[in-house]
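Fold and contact review
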Amino acid sequence: MNKRTRKLLYYKSAQDWNEALPIGNGRLGGMIFGHVENERIQLNEDSIWYGGPRDRNNLDALKYLPEVRKLLSEGRLKEAEELAILAFPGTPDVQRHYEPLGDLLLHFNHARSDYSNYSRELDLETAISHVNYTINDINYKREIFTSYPDQVMIIRLTASEEKSLSLQLFYDRGNGRNLDEMKAVSFDTLMMGGETGGQDGIVFRSSVRAISDGGSVKTIGNRLIVKDANTVTLILSAATSFRYEDPEHQCIQIIEKAAEKNYETLRQTHITDYQLLFRRVNLEIGQSMEKQELATDERLELVRKGEEDLELISTYFDFGRYLLISSSRPNSLPATLQGIWNDQMLPPWDSKFTININAEMNYWPAEVCNLSECHEPLFDLIEKMREPGKKTASVMYNCRGFTAHHNTDIWGDTAPQDRYMPATIWPMGAAWLCLHLWEHYEYSQDKDFLNMSYETMKEAALFFVDFLIENKEGLLITSPSVSPENTYILPNGEKGVLCEGPSMDSQIIYDLFSNCIEASKILGFDDEFRKELIRLRDKLPRPKIGKYGQIQEWSEDYEEEDPGHRHISHLFALHPSNQISTKKTPELANAAKVTLERRLKHGGGHTGWSRAWIINMWARLEEGELAYQNMLGLLKSSTLPNLFDNHPPFQIDGNFGGTAGIAEMLLQSHQDEIHLLPALPQNWEEGKVSGLKARGGFKVDIAWENNQLTEVNITASKNGICRIRTNTLIKIKDIQSEHLINEIESFVYEFEAKEGQSYNFKKI
Ligand code: FUC
């Protein structure tokens, strides 16, 4: 049998951007079209954003806050909304947006225009993209990658016969309109750049050098000309004033350094670095490899027609991990709505960070898929939001601590975004993001990190100590806010979105307070604040069951205008939170099930990210079949030919949410135990997964056959009790030290784990 290859494969070049293949090193990205004659690599650099930081806080918010609150509490909804939409949105309404770096264009002078043996692929094992074809019996090959250690994009051109490579190379950006310069800086190097505009626009530069073996390299005008070469190595760099005083100098320096190494060294350094992350996890579902040589978009088409392709599910999972490694690395900016890949000057939703679900979803696979360091850019952004967020908290709400609304940009803008009633006035963004700090601690057990993050978490919590108000029942609620981004209907038929105490808000605050309480205990300080949070947490509304048996979305059991809405905010408690779980709150778990069924019955899950969230939720409800059906739904309705998630348009959150969902089907650890194969679909009969992480600092490898667990390997990163739950009628046997294992209840086992030790269990 062939070895399984992990790649995206095509037999024709990309007809549009959604067929091009992404490469990236967190900061520098490219979309490769693979055209034979006129290759296009669309370029991105993560810090090319329009303008600079601004203070957009609405100075009238505080003045009208009491009135908006009063109107809401009196049920005078329309008046409250009319006033709030004037007094709260940022001034101006919108935050900054991301822009593309440009295009690198390679025009080849081939002897003939007809070609054969065409293929292009993205090899997920090496993070190298290949383009292959034959012209006149000469085999041409391109290898393209972006190196994290060397911070360059490398394009390597080879041919099976000497002196066969001739091409012209140049840059573009909106037909030259969106550039200030495009010039040759030496006989073998081009430079392009500009400024993004606005008062403090970002200055950006990109440079490319051609190094040939044989033939000649020269520049004429702003074109780089390579003639009759045997091989060509192109080294491309990019830098901006967001990070460097002199981006032009930086670009040249990066290239000079990379050019000291030969191609093989650059390639190997890249592969080693990438595989250190990618190879931590290995997933194999099923054994079938018969579709390996089919084009990826054809396989997707076959899935749409109802064919089973379990290997494509593994590829989707691998691709999600690949995308995270390629769009979010230490010192890069976090993955935006499009990761780093965007070709539009005014991208959808500005290609920034939407923090009422999307940016968080991007990071759901980070910990469980053993890519903790890829989570770091998000933590840096949270830090950046603290100062602006404190200002927003004090100017708009007269509160201590820091807050953010439903979007932020690379300067950490925290003022409300848009003038869009269903989303704009929602002071929960910073709170949700801070839950990621705790999540990182839970998986890594890194106390230094927790210590470093505590003040940030505390400041996010402090905002609510001041912001929460008591309602008529004596409960502490947010006001004004929304349940992103759904509309409710009052008994008199009036529709509204602005409200008091939407369920999601209380759930997020409950987690944030709980995390601070736990953290202060672990770290052994801040007792007074802990006590205060415990007191306040007791007064938060808890998830309630409504008239349809569903989890209530608002504090009152309103009708929803759109029962199939893509946001399922009130199930935050089920996922990503653990406030609703099958073991600890079975009744609420059942209500969560009703909620999901209701959403789906009315057309829910119609955007990629919404579908991805549903996969995670079904997995949490241990409904393997339903999780799998929705995974298929994601592939069938919300996946583009290059496997990018389709909102539509392309939005990367669904890729990350889907990847996390697959992991969630195989391993869960949110109920103080490691649950093995909690939501295994019937037709994932056999398989294995290794290297996943569980909360508590465990690394877990699982193998199964006939839908039953056969072997588990658990490695502990610290001393402590390890509790495992299985779903199959098997006993677990510790081969080395059977006596250490206690069966607590059927299917639940406990043992004392020691730091650095691995424990192997087999089905008996
Ligand atoms: C939220 C969602 C939209 C979209 C946007 C970027 O507002 O409701 O579907 O994903 O973010």
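Residues numbered from 1 in each chain as written. Predicted model: local features only at pLDDT ≥ 70, side-chain atom pairs only at ≥ 80, totals over all residues. Heavy atoms only, no water.

Turning to the overall build of the protein, a few remarks are in order. Along the backbone of the protein there are 17 helices and 34 strands. By the compact-globule yardstick of 27 Å for 764 residues, the protein fits well, its C-alpha radius of gyration being 27 Å. The buried share of the protein, reckoned over its 764 residues, is 65%. Look at the contacts in the protein between residues 6 or more apart in sequence, and 70% of them connect residues 24 or more apart. With an accessible surface of roughly 27,200 Å², the protein has 47% of that area assigned to carbon and sulfur atoms. The protein carries 83 positive and 112 negative side-chain charges, and their two centres are separated by 1 Å. (Helix = DSSP H or I, 4+ residues; strand = E, 2+ residues; numbered from the N terminus. Rg over C-alpha atoms; globule rule 2.2 N^0.38 Å. Buried < 20%, exposed > 50% of the residue type's maximum accessible area, 1.4 Å probe, protein only. Contact = heavy atoms within 4.5 Å. Areas by Shrake-Rupley, 256 points an atom, 1.4 Å probe, with all protein chains shown as cover. Lys, Arg positive; Asp, Glu negative; His and termini not counted. Charge placed at Lys NZ, Arg CZ, Asp CG, Glu CD.)

A few words now on the pairing of strand E3 (residues 28–32). Of all five residues that make up E3, five are buried, and the element is covered over most of its length. Across the two faces of E3 the burial is the same, with Leu 28, Gly 30 and Ile 32 and Gly 29 and Met 31 all buried. Bridge analysis of strand E2 (residues 21–24) against E3 gives four bridges, and the strand direction is antiparallel. Bridging from a neighbouring strand, Gly 24 pairs with Gly 29 of E3. (Pairing = 2+ DSSP bridges.)

We now examine the state of the cysteines. Here the structure, examined in full by the defined rule, presents zero disulfides. Free cysteine: Cys 374, not disulfide-bonded; nearest cysteine sulfur from Cys 369 at 10 Å. For Cys 374, a relative accessible area of 0% puts it in the buried group. (Disulfide = S-S within 2.5 Å.)

Read across the sheet, seven strands follow the order E2-E3-E4-E5-E10-E15-E14 without closing on themselves; strand pairing throughout is antiparallel. Sheet topology places E2 and strand E14 (216–220) at the edges, where each strand pairs with a single neighbour. When the angles between neighbouring strand axes are averaged without regard to direction, this sheet yields 20 degrees. The sheet contact formed by E3 and strand E4 (residues 38–45) spans five bridges and is antiparallel. Note on E4: the bridge partner recorded for Gly 30 is Leu 43. (Axes fitted to C-alpha atoms, helices over the stretch in contact; angles between N-to-C directions.)

In this section: the site of the ligand. Taken together, Leu 337, Trp 349, Thr 354, Asn 358, Glu 485, Arg 566, His 567, Trp 609, His 647 and Gln 651 make up the full set of residues near the ligand. Between the ligand and Glu 485 there is a distance of 2.4 Å, counted from an oxygen atom to a side-chain nitrogen or oxygen. Contact between the ligand and Gln 651: an oxygen atom at 2.9 Å from a side-chain N or O atom of the residue. Taken together, the residues of the shell around the ligand break down into three nonpolar, five polar and two charged. (Near = heavy atom within 4 Å. Polar contact = N/O pair within 3.5 Å; in protein donor to acceptor, adjacent residues only side chain to side chain. Nonpolar A, V, L, I, M, F, W, Y, C, P; charged D, E, K, R; others polar.)

Looking now at the domain arrangement of the protein. For the protein, the domain assignment lists domain 1 (10–49 + 100–279), domain 2 (61–91 + 328–604) and domain 3 (687–763). If you average the C-alpha positions of domain 2 and of domain 3, the two centres end up 35 Å apart. Counting residues at the interface gives nine residues for domain 2 and ten residues for domain 3. Taking both partners together, domain 2 and domain 3 bury about 870 Å²; carbon and sulfur atoms supply 47% of that area. Broken down residue by residue, the surface that domain 2 buries against domain 3 is led by Asn 370, Tyr 443 and Gln 445, which jointly contribute 54%. Here domain 2 and domain 3 share two salt bridges between them. At the surface where domain 2 touches domain 3, the tally comes to seven residue pairs in polar contact (both at pLDDT 80 or more). (Domains from an automatic or database assignment. Buried area = accessible area lost by both parts, 1.4 Å probe. Salt bridge = Lys/Arg side-chain N within 4 Å of Asp/Glu carboxyl O.)

Turning next to helix H1 (residues 61–73). With 13 residues, H1 should reach 18 Å at 1.5 Å per residue; the first-to-last C-alpha distance of 18 Å fits that figure. The complete set of buried residues in H1 reads Ala 61, Leu 65, Val 68, Arg 69, Leu 71 and Leu 72. Buried positions along H1 lie against helix H2 (77–87), helix H9 (376–397), helix H11 (447–467) and strand E20 (469–470). (Expected span 1.5 Å × (residues − 1).)

What follows covers the packing of helix H6 (residues 310–327) against helix H16 (residues 624–637). Here H6 crosses H16 at 75 degrees, and the two axes come no closer than 12 Å. Judged by the angle between their axes, H6 and H16 are roughly perpendicular. Contacts from Leu 310, Ile 313 and Tyr 316 in H6 reach Tyr 628, Met 631, Leu 634 and Leu 635 in H16. The residue inventory of the contact of H6 with H16, partitioned by class, reads seven nonpolar, no polar and no charged. (Parallel < 35°, antiparallel > 145°, perpendicular 65-115°, else oblique.)

This next bit is on the packing of aromatic side chains. Applying the stated criterion across every chain, the model contains 32 aromatic pairs. Three or more aromatic residues joined by ring pairs make a cluster, and in this case those are Trp 17, Tyr 274, Phe 278, Phe 319, Tyr 322, Trp 341, Phe 644 and Phe 650. Taking the ring centre of Phe 278 as reference, the NZ or CZ of Arg 321 above it sits at 4.2 Å. (Phe/Tyr/Trp six-rings, centres within 6.5 Å; stacked < 30°, edge-to-face > 60°. Lys NZ or Arg CZ within 6 Å of the ring centre and 35° of its normal.)

With that out of the way, let us pick up the packing of H9 against helix H10 (residues 429–444). The interhelical angle for the contact between H9 and H10, taken along N-to-C directions, is 135 degrees, at an axis separation of 10 Å. By the angle class used here, H9 and H10 are oblique. H9 and H10 meet at a crossing whose hand is left-handed. The residues of H10 that touch H9, namely those facing Leu 378, Phe 379, Ile 382 and Met 385, are Leu 433, Cys 434, His 436, Leu 437 and His 440. (Left-handed = near helix turned anticlockwise from the far one by under 90°.)

Cis geometry marks the peptide bond from Pro 484 to Glu 485, where omega comes out at -20 degrees. Along the chain, Glu 485 falls in the loop between strand E21 (476–477) and strand E22 (488–489). At the junction of Pro 648 and Pro 649, the peptide bond is cis and its omega measures out at 0 degrees in the coordinates. Phi is positive for Asn 136, which is not a glycine, with a value near 55 degrees. Within the secondary structure layout, Asn 136 lies in the loop between strand E7 (128–135) and strand E8 (138–147). Note on Asn 136: relative accessible area 38%, which makes it partly exposed.

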